[in-house]
Amino acid sequence: LTSALRGSGREVAAIVAILDEAGQELRFNRDILLATLENLDQGVSVVDADMCLVAWNQRYQQLFDYPPGMLYVGRPVADLIRFNAQRGKIEHLHDQDIEDAISRRVSFMLAGTSHVFQRTLNNRQVIELRGRPLPGGGYVTSYSDVTEYKRVERELLEINENLEQRVADRTQEAELAQQSRTHFLTAVSHDVLQPINAARLFASALYDSSEPNEMQHLAERVDASLRAAEELLDGLLDISQLDAGALRPELTVFNAKTLLQDLLEQY
């Protein structure tokens, strides 16, 4: 247009053709940009160097549930932050903190600093915000719904904590079992000597005895003592089977008199 007004010799038709071609390219690029924004899973908002809204997509409007007409080109981003804060979309903010939060947020974008942080909305939806400065001023922010991801993350943490607790419980059980085995082996090592010593004493008395009835009685006592020692040694074998998982308890009804009679004879 300047060339035509200055009389540069260019034909008006040629200038109009150039303008039409440039306009078509601009519209084509704009359509591609809008189509790209609308097909993103993330919400996107773009503000200019004056911190006013210049572009957004429907996903952004849906995530924050903006009413019709709330978003328009030239809308100050401070208005949107205030609107979200007043509806409780920003956690842990009281009325006196809202303006401070708006000031910090706008200053942050004006400084051109990239950021990533997560915000929990009042419906417990978790939104991840990623912001980046634009060349020549302005700021673009993407908003991703990571609620499901955070839920899975919490479940994995709970599973991990429960697993650690189970491992600790099993470790404690193993330590208690080891202590029990140690006490048992210590007791057996001591107790196995008693029936052996008793058998030696009975054998010595049997050697010195000449009475048939007394010799028979002493011989029975030697046999009983040796059987008691054998049972204790069998207990050691049971411990090894227990560690190997081959030992299983057998619940039966038995006569306690037999057990007590054996103890009587040993002592």
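Now for a quick tour of the structure. Nothing here was measured: the structure is a model prediction, and the numbers come from that model. Sequence order sets the numbering: in each chain, residues are counted from 1 along the sequence as written. For this predicted model, a pLDDT threshold of at least 70 governs which residues receive local features, and a threshold of 80 or more governs which side-chain atom pairs are given and counted, while totals over whole chains, interfaces and linings are taken from all residues. Calculation of side-chain values draws on the structure's entire complement of heavy atoms; hydrogens and water are dropped beforehand.

**A closer look at the pattern of salt bridges**
Phase 1 of the analysis: Any Lys or Arg side-chain nitrogen found within 4 Å of a carboxyl oxygen on Asp or Glu counts as a salt bridge. What the rule picks out here adds up to eight salt bridges.
Phase 2 of the analysis: For the salt bridge of E148 with R151, the shortest nitrogen-to-oxygen distance reads 2.2 Å. Of this pair, E148 and R151 both sit in helix α6 (residues 147-191), three residues apart, which is roughly one turn of that helix.
Phase 3 of the analysis: The shortest N-O distance in the salt bridge between R227 and D223 comes to 3.1 Å. Strands here mean DSSP runs of E at least two residues long; helices mean DSSP runs of H or I at least four residues long; both are numbered from the N terminus.

**Brief notes about a nonpolar patch on the surface**
Phase 1 of the analysis: Taken together, the side chains of F254, L259, L260, L263 and Y267 make up a nonpolar region of the molecular surface, amounting to roughly 600 Å² of accessible area.
Phase 2 of the analysis: Following the sequence through the fold, L260 ends up in helix α9 (residues 256-266).
Phase 3 of the analysis: Three exposure classes are used, based on accessible area relative to the maximum for each residue type with a 1.4 Å probe and protein chains only: buried under 20%, partly exposed in between, and exposed over 50%. Using a relative accessible area of 53% as the deciding quantity, one classes L260 as exposed. For patch detection, residues must exceed 30% relative accessible area and be free of salt bridges, and they are connected within 9 Å for like charges or within 5 Å for nonpolar side chains (Val, Leu, Ile, Met, Phe, Trp, Tyr). Residue exposure ignores everything except the shown protein chains as possible cover, and the areas themselves are Shrake-Rupley values with a 1.4 Å probe.

**Concerning unusual backbone geometry**
Phase 1 of the analysis: Residues other than glycine seldom take positive phi values, yet M51 does so here, at roughly 60°.
Phase 2 of the analysis: Structurally, the position occupied by M51 is in the loop between β1 (43-47) and β2 (53-56).
Phase 3 of the analysis: For M51, a relative accessible area of 7% translates into the label buried.
Phase 4 of the analysis: Within the chain, D65 stands out as a residue other than glycine whose phi angle is a positive 55°.

**Comments concerning α6**
Phase 1 of the analysis: The span you would expect from a helix comes to 1.5 Å times its residue count less one. Helix length check: α6 (45 residues) gives 65 Å between terminal C-alpha atoms against 66 Å at 1.5 Å per residue, within 8%.
Phase 2 of the analysis: All buried positions along α6 are accounted for by K150, R181 and V188.

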